[in-house]
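Here is how the chains run, residue by residue.
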Amino acid sequence: MTIAMLKEDHWCWAPLLAYGLVEDPHDAFVDAHTSFPRFEYGKYIGMVTGPLRSANFEPDMVLIYSNTAQLRDMIGVPKFQEKTLVKSEFDPIDSCVYSVVPVITGGQYRITLPDPGEYARAMAGEDEIIFSVPKDKLEALVQGVKRNAEMKQNADDWSHLLLRPDFPRPDFYKELFRKWGLDVED
């Protein structure tokens, strides 16, 4: 379902302030508890959200709720395509802020922990984590994840637990170990 939320539709004070829907009240409580990123006041009048598959609008970003194995697959894409790691800061609350504002303002991927409100009221699972993707990086991410799945280099192919006293090294490991003068069991 596609949902539009304006100022009067919010239940929590943090996204109202962070999304720039209300002016900073310079209240003692707010000042003591808010160091989170914010959009400029008045820049937006609200937000529209919906499932990516059926959205009839072009999103500025995409939130993906995944487990850690799926997240590992996704963050491997920028590591190998862009030669960069996904950088994030972690806060136990205000996930609605951290998963959105820095992604739109900075245009970078981000990992965010779902906050207590997401568990209690939005039913996020205890095994879920949020991966935020800016719109300019979405197509490359999707293509990278698909390519890795085709090459059998994703969580579905790595999830077979196997306890052994030693593991055979992939060929490129062996080549590197030889170059370094280290033992290679052939």
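Think of each chain on its own: its residues are numbered from 1, step by step along the sequence as written. Confidence filtering applies because this is a predicted model: local features only for residues at pLDDT of at least 70, side-chain atom pairs given and counted only at 80 or more, and all residues used for totals across whole chains, interfaces and linings. As a rule here, side-chain values cover all heavy atoms of the structure and leave hydrogens and water aside.

Asks: Sorry, what's going on with the environment of Glu-82 here?
Replies: With respect to the secondary-structure elements, Glu-82 resides in the loop between α3 (68-81) and α4 (95-98). Given the relative accessible area of 34%, Glu-82 is considered partly exposed. The spatial distance from the C-alpha of Glu-82 to the C-alpha of Ala-140 is 10.0 Å, given a sequence separation of 58 residues. Contacts are residue-level and defined by heavy atoms, with any inter-residue pair within 4.5 Å sufficient. Excluding residues within four positions of it along the chain, Glu-82 makes contact with Val-77, Tyr-109 and Lys-137. At 3.3 Å, the side chain of Glu-82 and the side chain of Lys-137 are in polar contact. Only DSSP runs of H or I with at least four residues qualify as helices, and only runs of E with at least two residues qualify as strands; both kinds are numbered from the N terminus onward. Under the scheme applied here, a residue whose accessible area is under 20% of the maximum for its type counts as buried, over 50% as exposed, and between as partly exposed, the area being computed with a 1.4 Å probe on protein chains only. Whenever two N or O atoms come within 3.5 Å, that pair is a polar contact, provided that in protein one can donate a hydrogen and the other can accept it, and provided that, for residues adjacent in sequence, both atoms are side-chain atoms.

Asks: Honestly, the nonpolar core in this entry has me stumped. Any pointers?
Replies: Looking at soluble globular proteins, one finds that nonpolar side chains tend to be buried together. Counting residues in hydrophobic clusters, the biggest one holds 15 residues, and the most contacted among them are Ala-18, Tyr-19, Phe-36, Phe-39, Val-97, Val-100 and Val-101. Of all the secondary-structure elements, those providing two or more residues to this core are α1 (13-18), α4 and α5 (101-106). Broken down by element, this core gets its largest block of residues, four residues, from α1. Val-100 has contacts with Tyr-19, Phe-39 and Met-61, leaving out every residue within four places of it along the chain. Judged by nonpolar contacts, the second largest core, of twelve residues, contains Val-77, Val-86, Phe-131 and Val-133. For our purposes a nonpolar core is just a set of buried Ala, Val, Leu, Ile, Met, Phe, Trp, Tyr and Cys residues, chained together by side-chain atoms within 4.5 Å.

Asks: What is the right way to look at the packing of aromatic side chains in this model?
Replies: What describes a pair of aromatic rings is the distance from one ring centre to the other and the angle between the planes of the rings. Ring pairs are drawn from Phe, Tyr and Trp, using the six-membered ring of Trp, whenever the two centres fall within 6.5 Å, and their geometry is named by plane angle: stacked under 30 degrees, edge-to-face over 60, tilted for the rest. Within the structure shown, the criterion is met by seven aromatic pairs. Their ring planes at 35° and their centres at 6.2 Å tell us that Trp-13 and Phe-36 sit as a pair that is tilted. Linking Trp-13 in helix α1 with Phe-36 in the loop between α2 (28-33) and β2 (46-49), this pair joins segments that are 23 residues apart in sequence. Overall, the relative accessible area of 5% leaves Phe-36 in the buried class. Ring centres of Phe-39 and Tyr-44 lie 4.9 Å apart, and the angle between their planes is 70°; on these two criteria the pair is classed as edge-to-face. Exposure remark for Tyr-44: the relative accessible area of 27% places this residue in the partly exposed category.

Asks: Mind showing me how you'd approach the sheet that holds strand β3 (residues 61-66) here?
Replies: The pairing of strands in a sheet comes from backbone hydrogen bonds and takes either a parallel or an antiparallel form. One requirement defines pairing of two strands: DSSP has to find at least two bridges between them. The sheet built from three strands is open, its strands ordered β3-β5-β4 with antiparallel pairing. Across the chains shown, the open sheet's two edge strands, defined by having one partner strand only, are β3 and β4 (110-112). Across this sheet, the average inter-strand angle for adjacent strands is 25°, counted without regard to direction. Relative to strand β5 (residues 129-134), β4 runs antiparallel, the two sharing three bridges. Looking at the pairing, Thr-112 lines up with Ile-130 of β5. A fitted line through C-alpha atoms serves as each axis, taken over the contacting stretch for helices, and the angle formed by two N-to-C directions is quoted from 0 to 180°. α3 contacts β3, β4 and β5 of the sheet and is inclined by roughly 140° relative to β3. In this fold helix α7 (residues 135-150) packs onto β3 and β5, with an angle of close to 110° to the strand it touches most, β5.

Asks: Help me understand the pattern of salt bridges, please; the structure alone is not making it clear to me.
Replies: Between side chains of opposite charge, a pair can form as their charged atoms come close. The term salt bridge refers to a pairing of a side-chain nitrogen on Lys or Arg with a carboxyl oxygen on Asp or Glu at a separation within 4 Å. According to the stated counting rule, one finds five salt bridges in the structure shown. Note that Arg-38 and Asp-24 form a salt bridge whose closest N and O atoms lie 2.8 Å from each other. Within this pair, whereas Arg-38 is found in the loop between α2 and β2, its partner Asp-24 is found in the loop between α1 and α2, the two being separated by 14 residues in sequence. You can call Arg-38 partly exposed: its relative accessible area is 30%. In this structure, the salt-bridge partner of Lys-137 is Glu-82, at a minimum N-O distance of 3.3 Å. Pair noted here: Lys-137 is in helix α7 and Glu-82 is in the loop between α3 and α4, with a separation of 55 residues, a long-range link.

Asks: Which parts of the structure should I look at to understand the pairing of β5?
Replies: Within a regular strand, side chains alternate between the sheet's two faces. Among the six residues that make up β5, six are buried, leaving the element largely enclosed by the rest of the structure. Burial along β5 is two-sided: the residues Ile-129, Phe-131 and Val-133 and Ile-130, Ser-132 and Pro-134 are all buried.

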